[in-house]
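Structure at a glance
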Amino acid sequence: MAISPIMKRIATAALASVSVLTATAAFAGEITVWCWDPNFNVAIMKEAGARYTAKHPETTFNIVDFAKADVEQKLQTSLSSGATDTLPDIVLIEDYGAQKYLQSFPGSFAALSDKIDYSGFAPYKVQLMTVDDKVYGMPFDSGVTGMYYRKDYLEQAGFKPEDMQNITWDRFIEIGKEVEAKTGHKMMGFDPNDAGLTRIMMQSAGEWYFDNDGNLNIENNAALKAALETQGKIMQAGIFKPTAGWNEWLASFTSGDVAAVVTGVWITGTVKAQADQSGKWGVAATPKLSVEGATSASNLGGSSWYVLEASKEKDEAIDFLNEVYAKDTEFYQKILTERGAVGSLMAAREGAAYGAEDPFFGGEKVWQKFSDWLAQIPAVNYGIFTNEVDTAVTANLGSMGKGAKVEDVLKAIQSQAEGQIQ
């Protein structure tokens, strides 16, 4: 029997209604998120959820706050056992561990290459979440590094702020000797059992413990060699205050004992928490290694969001991340102002918050500086065994301060690392 034009229109309208209802139903779920740090990641994700819910009131969020180690353990256990029903829709993963999860559990995370415009993000963040030309995850905060220094101590030693700009590590050491001689203050706090400074130096020159194919890259790694030599010079020059653990390292600069700290932008809030030190601090680019390919930009830390492939709310979770984290530049202004979070969406750098002068730093546009350095961070392959190689590095780093040959130290790291990642 022939269908009249009127019936066709009714049928089409009915199908459209079904489509709308289906779409509405698909975007009317609860998105569960696992992350850590209530004052940073958790608070920021709650803000992101509130912004999405304001436009999509049918969507709710269940943001679960775990300790970082618990997030990693629960994720590892669930993925290993195949118990996907226990997993959240979105999980936060530290950037150093991204490749380990992506390569160890293929198919467990949603590929977002055809859903997200990654051209707007810092390239190094995109590369670390890429496997076989597919990109997984939503880039979040950056650990872009810089050098915080006490302007008052440097001035007492005869240096001006311009003397701290775009310097090499060798020059940093020379300045450190002058600062100690004229003020009595050590230049920096340093814990030889922490590989953070090694990571900063190495990535600034565009290399990592692994090559682009994921193979161990130790003995012939020019950037790692230079990083070890430089730290050896720091130790032998005695310009550092020895620290053991996080709290002692923090205290080395919050107490006013040392003249500088080189680390990720996430330390800004801690520096500024010392109200009596307002106006005494300045910020400059990370010192540069004296090797080919060296830059004054690097990274330490940072995390990104990943959607689980088995998520019942997968499409909704992706839409949420895309709408807020990939497009909402005002969101990035707010989390920068309120939480000190430097996101990796490059368009956010044009906002007012990034261009604001900071009285604590004598009116410097600190956030603008960090956002400029963010775009210059060399992309490297973090591989799947960064933490294991870190252990080998810190086990042998101390010998550099005692005059050991760097070639011998590299061989020792290579041997220990090979044993740990087998």
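Reading guide: rules and limits
Residues numbered from 1 in each chain as written. Predicted model: local features only at pLDDT ≥ 70, side-chain atom pairs only at ≥ 80, totals over all residues. Heavy atoms only, no water. Helix = DSSP H or I, 4+ residues; strand = E, 2+ residues; numbered from the N terminus. Rg over C-alpha atoms; globule rule 2.2 N^0.38 Å. Contact = heavy atoms within 4.5 Å. Areas by Shrake-Rupley, 256 points an atom, 1.4 Å probe, with all protein chains shown as cover. Lys, Arg positive; Asp, Glu negative; His and termini not counted. Charge placed at Lys NZ, Arg CZ, Asp CG, Glu CD. Buried < 20%, exposed > 50% of the residue type's maximum accessible area, 1.4 Å probe, protein only. Polar contact = N/O pair within 3.5 Å; in protein donor to acceptor, adjacent residues only side chain to side chain. Pairing = 2+ DSSP bridges. Axes fitted to C-alpha atoms, helices over the stretch in contact; angles between N-to-C directions. Left-handed = near helix turned anticlockwise from the far one by under 90°. Nonpolar A, V, L, I, M, F, W, Y, C, P; charged D, E, K, R; others polar. Core = buried A, V, L, I, M, F, W, Y, C linked by side-chain atoms within 4.5 Å. Parallel < 35°, antiparallel > 145°, perpendicular 65-115°, else oblique. Salt bridge = Lys/Arg side-chain N within 4 Å of Asp/Glu carboxyl O. pLDDT = per-residue confidence, 0-100. Phe/Tyr/Trp six-rings, centres within 6.5 Å; stacked < 30°, edge-to-face > 60°. Lys NZ or Arg CZ within 6 Å of the ring centre and 35° of its normal.

Examining the overall build of the protein
A count of helices and strands for the protein gives 17 helices and eleven strands. Radius of gyration (C-alpha) of the protein: 24 Å, near the 22 Å computed for a compact globule of 422 residues. In terms of its C-alpha atoms, the protein occupies a principal-axis envelope of roughly 100 × 50 × 35 Å. In the protein, once contacts between residues fewer than 6 apart in sequence are set aside, the share between residues at least 24 apart is 75%. As displayed, the protein has an accessible area near 18100 Å², and 50% of this comes from carbon and sulfur atoms. Seen as two clouds, the 36 positive and the 54 negative side-chain charges of the protein have centres 3 Å apart.

Focus: helix α13 (residues 329-339)
A turn of α-helix holds 3.6 residues, and therefore any two residues three or four places apart point the same way. If you check which residues of α13 are buried, you get Phe331, Tyr332, Gln333, Ile335 and Leu336. In this structure Asp328 caps α13, since a side-chain oxygen of it lies 3.2 Å from the backbone nitrogen of Glu330.

What to know about the pairing of strand β3 (residues 90-94)
Counting buried positions along β3 yields four of five residues, so the element is predominantly enclosed. Here strand β1 (residues 30-35) pairs with β3 via two bridges, running parallel. Residue pairing for β3: Trp34 is matched across the bridge by Val91. Both β3 and strand β11 (residues 299-307) contribute to a ladder of five bridges, which runs antiparallel. Each residue of the ladder has a partner; that of Val91, found in β11, is Tyr306.

Structural notes on the packing of helix α2 (residues 38-55) against α13
The geometry of α2 relative to α13 is characterised by a closest axis approach of 11 Å and an angle of 150° between their N-to-C directions. The way α2 lies across α13 gives a crossing that is right-handed. The residues of α13 that touch α2, namely those facing Asn39, Phe40, Ala43, Ile44, Glu47, Ala48 and Arg51, are Glu330, Phe331, Lys334, Ile335 and Arg339. Its residues placed into classes, the contact of α2 with α13 shows six nonpolar, one polar and five charged.

Here we look at the nonpolar core
Considering soluble globular proteins, one finds that nonpolar side chains tend to be buried as a cluster. Judged by nonpolar contacts, the single largest core of 140 residues is most densely connected at Phe109, Trp305, Phe320 and Tyr325. Of the residues forming this core, the biggest block, seven residues, is contributed by helix α9 (residues 222-237). Setting aside residues no more than four positions away along its own chain, Tyr325 makes contact with Ile44, Met45, Ala48, Phe121, Met138, Phe140, Trp305, Phe320, Phe331, Tyr332 and Leu345.

Remarks on the packing of α2 against helix α12 (residues 314-324)
Two measures define how a pair of helices packs: the angle their axes make with one another and the distance between the axes. Taken N-terminus to C-terminus, the directions of α2 and α12 make an angle of 100°; their axes are 10 Å apart at the nearest point. As judged from the angle between their axes, α2 and α12 are roughly perpendicular. Contact with α2, carried on its side by Met45, Ala48, Gly49, Tyr52 and Lys55, involves Glu316, Asp319, Phe320, Leu321, Glu323 and Val324 of α12 and no other residues of that element. Classifying every residue of the contact of α2 with α12 gives six nonpolar, one polar and four charged.

A word on the pattern of salt bridges
Enumeration over the complete set of coordinates arrives at 18 salt bridges. Taking the shortest distance from any N to any O, the salt bridge between Asp95 and Lys125 comes out at 2.7 Å. Highlighted residues: Asp95 in the loop between β3 and α4 (98-104) and Lys125 in helix α5 (residues 123-127), separated in sequence by 30 residues. Under the relative-accessibility criterion, Asp95 is labelled buried at 1%. Three or more residues are tied together by salt bridges with common partners; here these are Glu47, Arg51, Asp328 and Lys334.

Comments concerning the confidence of the model for the protein
The share of residues in the protein with pLDDT of 70 or more is 94%, and the mean pLDDT across the chain is 93. When the criterion is pLDDT under 50, residues 1-26 qualifies, and its contacts beyond four places in sequence or with other chains add up to three contacts.

With respect to the environment of Leu79
Tracing the sequence through the fold places Leu79 in helix α3 (residues 68-81). Here Leu79 falls in the buried class, since its relative accessible area comes to 11%. Sequence separation between Leu79 and Leu228 is 149 residues, and the spatial gap between their C-alpha atoms is 37 Å. In this view, Leu79 contacts Leu87, Tyr101, Phe105, Ser108, Phe109 and Leu308; residues no more than four positions away in its chain are not counted.

As for unusual backbone geometry
With a phi close to 70°, Asp37 is a non-glycine residue in the positive phi region. With respect to the element layout, Asp37 can be found in the loop between β1 and α2.

Observations concerning the packing of aromatic side chains
Across all of its chains, the model carries 26 aromatic pairs by this definition. Judged by centre distance (6.3 Å) and plane angle (45°), the ring pair of Phe40 and Phe140 falls under tilted. Of this pair, Phe40 sits in helix α2 while Phe140 sits in strand β6 (residues 138-150); the two residues are 100 residues apart in sequence, bridging distant segments of the chain. Grouping residues by exposure puts Phe40 and Phe140 together as buried. Taken together, a centroid distance of 5.1 Å and an interplanar angle of 75° make the contact between Tyr325 and Phe331 edge-to-face. The two residues Tyr325 and Phe331 agree in class, both being buried. One aromatic cluster is present, formed by Phe40, Tyr52, Phe61, Phe140, Trp305, Phe320, Tyr325, Phe331 and Tyr332 through successive ring pairs. Over the ring of Tyr96 we find Arg199; its NZ or CZ atom is 4.0 Å from the centre of that ring.

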